[in-house]
Amino acid sequence: MLTAQKSLVLIDQLVVSGSSFITNIFLARILGANNYGMFALAGLIQMFCLSVSMSFFSQIFQVTYPNLADSRKSIYTSSILIIKAAAMFLLFIIGLIVFKFSTLYFKDYSTLILCLTITTPLFLIQDFLRRILITSQLFANALLADLTTNFLQMLLLFLCWQINVLNIYTALYIVGLTFIPSVVLSIKMLKFSNINQQNLWYAWHIHRQKSIWLILSALLQWSSGYFFIIIAGWWIGGAAMGALRLAQYIFGLLNVLFQAIENYALPKAVMVENKWDFFKQMVSKMLLFFVPILILLALTANQLFAFAGGASYQGFEYVVYGLCIVYLIIVVGYPIRIILRSLQLNRDYFVGYLLSAVFSICSAFVLLQKYQLLGVIAGLIITQIISNSYWIFSVKRKMANLILVMPNSN
């Protein structure tokens, strides 16, 4: 049985990822394959920004906060939130500049760019506040904020569909602007301290020093796995992009559990002494839980796609089979990522993505040209194998070195 804390973390992640899953299934049916492909592409842009933002802010915060003295935690949280707010304002200004440029030369995309300019900073600040609440063990507070935002999101999407005004842009605005209640509630729930320039510099120095390899890893991650997805949208059309993203959102229910495991296990892994045993225990438990789910998804692939997307997605069921293999590799690799981050082996994290990115860039066009969407699936499988294999090697090497330098008990 889960403890009360684990249950709250899991329920919160279920609310966040589950509502995202329902929203995308709903929009995939309403918008159709081609229009949903454009919506999915906009979502990928936001996820890219989130990946970079998490590399500098969230991931460093999650491993730094638990090790601080209680008297420093509030000061550190307040300082890093001010830096985050400044970064989001800068992102908004950059977005406005890009929008102004697009009205002159790329008018077809200017509306989408303006929408992303307004909503993306809200998305990023809301996600960071949520992770702060969870890391601070304010689990019930995080759940309340997420329930409020996601309920409003699904309600407004349904109402807009009922009055026949739901399209790509109204959907993106609703999803983005409904983050405002969560941001307001989260800020009210946190305790803030008076800060000065020295405290701001302290927080900035920690994140600047520790984030370089994580940021480079995030960029390389998008040059490996996501590179195939983005090129697929350009090479084999919006319908294929829509089908692939729809399949990924079908698997999004598994991401509920992955994110909950990471949010809870990462601070624990920081404190565990024998990290290799911790890794093996996590792998065995995750395989025992996830393998039956993956088998069930594979057996019901046709029914899932028919239910989730409707007639416009027929013929793409094989994507589900491929993603079952991808997620089996992810199940094995997820604990090693947590151990890698707990050891702050950020350089090895970067190298793993570097190796898979080199493969992606060298092979993407050949795989897509010869095998179309099957080439995308093959590329995703191989990149996962490459990065996870290197990370396992890195952690084992680190553990061996730690044993060698330990003092003799005799």
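The rules behind the values
- The numbering scheme is per chain: residues are counted from 1 as the chain's sequence reads.
- Side-chain atom pairs in this predicted model are given and counted only at pLDDT of 80 or more, local residue features only at pLDDT of at least 70, and totals for whole chains, interfaces and linings cover all residues.
- Neither water nor hydrogens contribute to the side-chain values; these are computed over all heavy atoms in the structure.
- Working definition: helices are DSSP H or I runs of at least four residues, strands are E runs of at least two. Numbering for both runs from the N terminus.
- This radius of gyration counts C-alpha atoms alone. The globule rule is 2.2 Å times how many residues there are, raised to the power 0.38.
- Exposure classes here rest on a 1.4 Å probe applied to the protein chains alone. A residue is buried below 20% of its type maximum, exposed above 50%, and partly exposed in between.
- Note on definitions: a residue-residue contact is assigned when non-hydrogen atoms from the two residues lie within 4.5 Å.
- Per-residue and other accessible areas follow the Shrake-Rupley method at a 1.4 Å probe size, with only the shown protein chains counted as cover for residues.
- Charged residues are defined narrowly, with Lys and Arg counted positive, Asp and Glu counted negative, and His plus the chain ends left uncounted.
- Charge coordinates come from a single atom per side chain, which is NZ of Lys, CZ of Arg, CG of Asp or CD of Glu.
- We define the nonpolar core as a collection of buried residues of types Ala, Val, Leu, Ile, Met, Phe, Trp, Tyr and Cys that are connected through side-chain atoms lying within 4.5 Å of one another.
- Lines are fitted to the C-alpha atoms to define the axes, a helix being fitted only along its stretch in contact, and any angle between axes, read from their N-to-C directions, falls within 0 to 180 degrees.
- Should an angle fall under 35 degrees it is taken as roughly parallel, and over 145 as roughly antiparallel, whereas 65 to 115 is taken as roughly perpendicular and any remaining angle as oblique.
- In this classification, Asp, Glu, Lys and Arg are treated as charged, Ala, Val, Leu, Ile, Met, Phe, Trp, Tyr, Cys and Pro as nonpolar, and every other residue, Gly included, as polar.
- Throughout this description, the term salt bridge denotes a Lys or Arg side-chain nitrogen within 4 Å of a carboxyl oxygen of Asp or Glu.
- The rule is simple: put a 1 Å grid over the protein atoms alone, call a set of points where a 1.4 Å probe fits but cannot get out a cavity, call an open set with protein on both sides within 12 Å along at least five of seven lines a pocket, and count a residue as lining if it has an atom within 4 Å of a point.
- Grid points are joined across faces, edges and corners, and a volume is the space filled by probe spheres set on the points.

A. Up close: the overall build of the protein. When its secondary structure is counted, the protein shows 15 helices and zero strands. Expected size for 410 residues packed as a compact globule is a radius of gyration near 22 Å; at 21 Å, the protein falls within 12% of this value. Judged by the C-alpha coordinates and their principal axes, the protein covers about 70 × 45 × 45 Å. By the burial criterion, 52% of the 410 residues in the protein qualify as buried. Contacts spanning at least 24 positions in sequence make up 85% of the contacts within the protein whose residues lie at least 6 apart. Of the accessible surface of the protein, which amounts to about 19300 Å², a share of 68% is contributed by carbon and sulfur atoms. Computing the positive centroid from 25 side-chain charges and the negative centroid from 10, the protein places the two 5 Å apart.

B. Molecular detail of the nonpolar core. If you look at the biggest cluster of nonpolar residues, it comprises 120 residues, and the most contacted ones within it are Tyr36, Phe39, Phe251, Leu254, Phe258, Val319 and Leu323. Other than its neighbours up to four places away in sequence, Phe39 contacts Asn24, Leu27, Leu31, Ile168, Ala171 and Leu172.

C. Spatial organisation of the packing of helix H3 (residues 70-105) against helix H4 (residues 107-135). Relative orientation of the contacting elements H3 and H4 amounts to 170°, with a least axis distance of 8 Å. In this view, H3 runs roughly antiparallel relative to H4, as classed from their interaxial angle. The residue inventory of the contact of H3 with H4, partitioned by class, reads 17 nonpolar, seven polar and two charged.

D. View of the pattern of salt bridges. This structure, assessed with the given rule, holds five salt bridges. A salt bridge links Arg130 to Asp12; its shortest N-O distance comes to 3.0 Å. A residue pair is termed long-range when its members are at least 10 positions apart, and Arg130 in helix H4 and Asp12 in helix H1 (residues 4-56) qualify at 118 residues. The same class applies to Arg130 as to Asp12, namely buried.

E. Main features of empty space enclosed by the protein. The final tally for this structure, using the stated rule, is two cavities of 30 Å³ or more. Lining the second largest cavity are Gln59, Ile60, Val63, Lys210, Leu214, Arg341, Gln344 and Asn346. When contributions to the lining of the second largest cavity are tallied by element, the ones reaching two or more residues are helix H2 (58-64) and helix H8 (197-235). Considering every element that reaches the lining of the second largest cavity, the biggest residue donor is H2, with three residues. Among the residues forming the lining of the second largest cavity, the class breakdown is three nonpolar, three polar and two charged.

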